[in-house]
Amino acid sequence: MQAFGTYEAFEAEGGRILSCYRPPVPAMPVIDEVWEVLERARHAVESLDRALMGFPVSGVVGKLFARLDAVHSSGAEGATTTFTDLLEFQTSLQRARDPEDAQAVAGSADAFDELQGKMPDPREAVLSIHRRLFEAVRDPYAAAQAGQWKTHVNATLDAETATGFFYYTAPATLQDSLAEWKDFTMAEGGPELVRQALSHWMFEHIHPVGDGNGRVGRLLVPLVVHAKGATTTACCFLGEAVHGNKEIYIEALKRARRTGDIAAWARVFLSLVEQTAARNLMRLERLGQLHDRWRQATKSLRGHSAVHDLVPWVLTKPAFTVRDALAGLGKGTYTSLNTAVRSLAELGIVEAAGAAGRDRLFIAPEVIDLFESPGLRHGPTASSGMRPSRG
Ligand SMILES: Nc1ncnc2c1ncn2[C@@H]1O[C@H](COP(=O)(O)OP(=O)(O)OP(=O)(O)O)[C@@H](O)[C@H]1O
Ligand SMILES: [Mg+2]
């Protein structure tokens, strides 16, 4: 097989001529080269999608699964914010061990909320996600680039090139390249998951923004697959499996460029999708069991309507303050909700994790344990008193 794509000379600052890669629009692979793993990925994603559709509490994709994906997809790139950290950061307390890191992870989750269900032009989505990721960073240069296409050449180390660097698509031809990428991404024909595998490969080789290309590209996958109607919910994530298999993922991206064997890349991508969906389906099933158990446990508390409103709410917001509950439910009073939270605490459904006071943090450890990686549930932030992992 021959390498594919082209290299374009680009004059960088200082007159240096760089050889920048421009990916081809890849041909869809022959179906039998991907069929086996495609069937598995499709089965896993469809099972998850169906289970999400039938889940008795709405909003679980955005509130839990997209947040988990943001944690993993950012974790694959070195972020240290855990699921618990993100949840705590997104309470009224807005507290985190590393607020800047947590803010970027939260940005990815917020971008999902913003874009879920709408995908006018994936190029606009790229810039929206990028803006969310970088608008709050402390580095003024990076913050000024938030939501902008790159204006400089970006590169990655590559021992196999003469210069030791691999240069992504040149800024001069970026818009042409992106137009090809957009047309390919939104086109119909062939299995959608395979199309998005190839689209992700193209996107990463164009590398259209200065930084954040990995996180932006991975978040586009569930959004585009959903927007094109291949799934009913935006659940086709891959961040968790990428986090666990970063080297395989990067090597496969590179190898397809060198060999032109795009089917091999598609198989790796499909496996990552399958793994992530299978784990999420397991979590969702357990979440459903928890919900049943909580409803049983609170059944006898007749008259306490706030308790019954809280049960499904806490299921998707397993770290919260009473103030959050008041805002989230949009009814009741601080006092009635405070009493209801205490009832849930007596039943062991929630527990106080922060210092006593009006803005006390509560958590539902059984939900958090389903989403937190074993051993990663951090100890307390400065004053929350959150317990370390039991796993
Ligand atoms: N040699 C390569 N060829 C093509 N794509 C690559 C290569 N190496 C890495 N990538 C892609 O680029 C991403 C990293 O790019 P970028 O830094 O812009 O994104 P990021 O989300 O900020 O990640 P990081 O935090 O690691 O910098 C990887 O996650 C992967 O998708
Ligand atoms: Mg980066």
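Keep in mind the model is a prediction, meaning the values are calculated, not measured.

J.: I keep staring at the site of ligand 1 and nothing clicks. Help me out?
T.: Among the 16 residues in the neighbourhood of ligand 1, the closest are listed as Glu77, Asp211, Asn213, Arg215 and Tyr249. In this structure, an oxygen atom belonging to ligand 1 sits 2.4 Å away from a side-chain N or O atom of glutamate 77. Within the complex, 85% of the 620 Å² of free accessible area of ligand 1 lies under protein. If you list the elements that add at least two residues to the shell around ligand 1, you get helix 8 (192-206), helix 9 (213-227) and helix 11 (246-259). A breakdown of the residues in the shell around ligand 1 according to their chemical character gives 4 nonpolar, 6 polar and 6 charged.

J.: How should the confidence of the model for the protein chain be read in this particular structure?
T.: Predicted coordinates in regions of low pLDDT should not be interpreted in detail. Per-residue pLDDT for the protein chain averages 92, and the proportion of residues at 70 or more is 95%. When the criterion is pLDDT under 50, residues 375-391 qualifies, and its contacts beyond four places in sequence or with other chains add up to 46 contacts.

J.: Can you walk me through the environment of alanine 277 in this structure?
T.: Tracing the backbone through its elements, the reader meets alanine 277 in helix 12 (residues 262-298). The class of alanine 277 is buried, set by a relative accessible area of 1%. As a C-alpha pair, alanine 277 and cysteine 236 span 41 residues in sequence and 6.9 Å in three-dimensional space. Every residue in contact with alanine 277, bar those within four places of it in the chain, is listed here: Ala44, Val45 and Leu48.

The rules behind the values
- Residues numbered from 1 in each chain as written.
- Chains lettered and ligands numbered in written order.
- Predicted model: local features only at pLDDT ≥ 70, side-chain atom pairs only at ≥ 80, totals over all residues.
- Heavy atoms only, no water.
- Near = heavy atom within 4 Å.
- Polar contact = N/O pair within 3.5 Å; in protein donor to acceptor, adjacent residues only side chain to side chain.
- Areas by Shrake-Rupley, 256 points an atom, 1.4 Å probe, with all protein chains shown as cover.
- Helix = DSSP H or I, 4+ residues; strand = E, 2+ residues; numbered from the N terminus.
- Nonpolar A, V, L, I, M, F, W, Y, C, P; charged D, E, K, R; others polar.
- pLDDT = per-residue confidence, 0-100.
- Contact = heavy atoms within 4.5 Å.
- Buried < 20%, exposed > 50% of the residue type's maximum accessible area, 1.4 Å probe, protein only.

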